Structures are given as structure tokens and as C-alpha cells.
Amino acid sequence: MAQHSCSGSQGTKGLVTPVIDTIISLDNNAEDHYVAVTNIRLYGHDLRFDKADLTQGVFFIKADGTEVRATVYGPINPSDVTVLVPAALTGPLQVRIAAYINGSVRTYLYTRTIS
């Protein structure tokens, strides 16, 4: 029984990853919307990260596949993160978050595009 519990906890640890459930524009409270140089808030779980570590954070993926890492953050909590959308971004974007959890950087790609 103890062995099963241990392997179970190892399996659970392996599954922990940041997950974005919703993205809201703080400019107009619209879901999956952004305005450059305004804040958006990501809601989900296990979202907390170290903004000083360039491998962690919120990344915006443009249509051509290039990624732009956000550099200005508001509160960073386990269940929500506030981030300033960089000025140069336009058009539909994918959003990726990367956070250091249980010894490694875990990443999650939001399932919808924001525009």
C-alpha cells in the first residue's frame, strides 16, 4: 500500500503543469481579446512563475510562429496572472505560459487564440 501511494504521488507530481482556463482583456473585460499596451489577465491553475527567469513567463506567439515574451507583469498568483501585452503585437495570437514546477519548467499552450 505504501509503495502504491508513493508511485501515485510521483505520478501526480509528473502531471502538474500550468493551465490557462480563460484570458480576459482588462481594457474591456472581453474574453479571448487583447489591446496592445493594455493588461490581460490569465485565469487557471499553477500559473505562478519567476518573472526574472527568462525561460518562465507569458509568451505571445504570432501567426508566423515567432514568440514574444511579456516583460511587464502585475500580480502573479497561482490562479491568475496579470500581464501587459507588448506594443508590437497585432492580429490573432496564441498564448503560452511557462512555470518552474517540481524541478523543471513546465509549459502550457492556451487552447484558443486571442485577437
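That block above? That's the structure.
Heads up: these notes are all about the structure in this document. This one's a predicted model, so the numbers in the text were calculated from it and none came from an experiment. Chains are numbered independently. Their residues run from 1 in the order of the written sequence. Local features in this predicted model are restricted to residues of pLDDT 70 or higher, and side-chain atom pairs are both shown and tallied only at a pLDDT of 80 or more, whereas totals for entire chains, interfaces and linings draw on every residue. Only hydrogens and water are set aside; all other atoms, that is, all heavy atoms of the structure, feed into the side-chain values.

Here we come to the pattern of salt bridges. Salt-bridge detection follows one rule: a side-chain nitrogen of Lys or Arg within 4 Å of a carboxyl oxygen of Asp or Glu. Tallied over the full model, the rule gives three salt bridges. For Glu-31, the salt bridge goes to Arg-112, with nearest N and O atoms at 3.2 Å. Of this pair, Glu-31 sits in the loop between β1 (19-25) and β2 (39-45) while Arg-112 is found in the segment after β8 (104-109), placing the two residues 81 residues apart along the sequence. Taking the relative accessible area as the measure of exposure, Glu-31 reaches 46% and is therefore partly exposed. Note on exposure labels: buried denotes an accessible area under 20% of the residue type's maximum, exposed denotes more than 50%, and partly exposed covers the range between, all computed with a 1.4 Å probe on protein chains only. The exposure class assigned to Arg-112 is partly exposed, which follows from its relative accessible area of 34%. Taking the shortest distance from any N to any O, the salt bridge between Asp-32 and Arg-112 comes out at 2.8 Å. With Asp-32 in the loop between β1 and β2 and Arg-112 in the segment after β8, the pair connects residues that are 80 residues apart, well separated along the chain. Salt bridges linked by common partners bring Glu-31, Asp-32 and Arg-112 together as one network. Runs of E in the DSSP output that reach at least two residues are strands. Runs of H or I that reach at least four are helices, and both are numbered from the N terminus.

Note that every value here comes from positions in space, so none of it alone points to a role or purpose.
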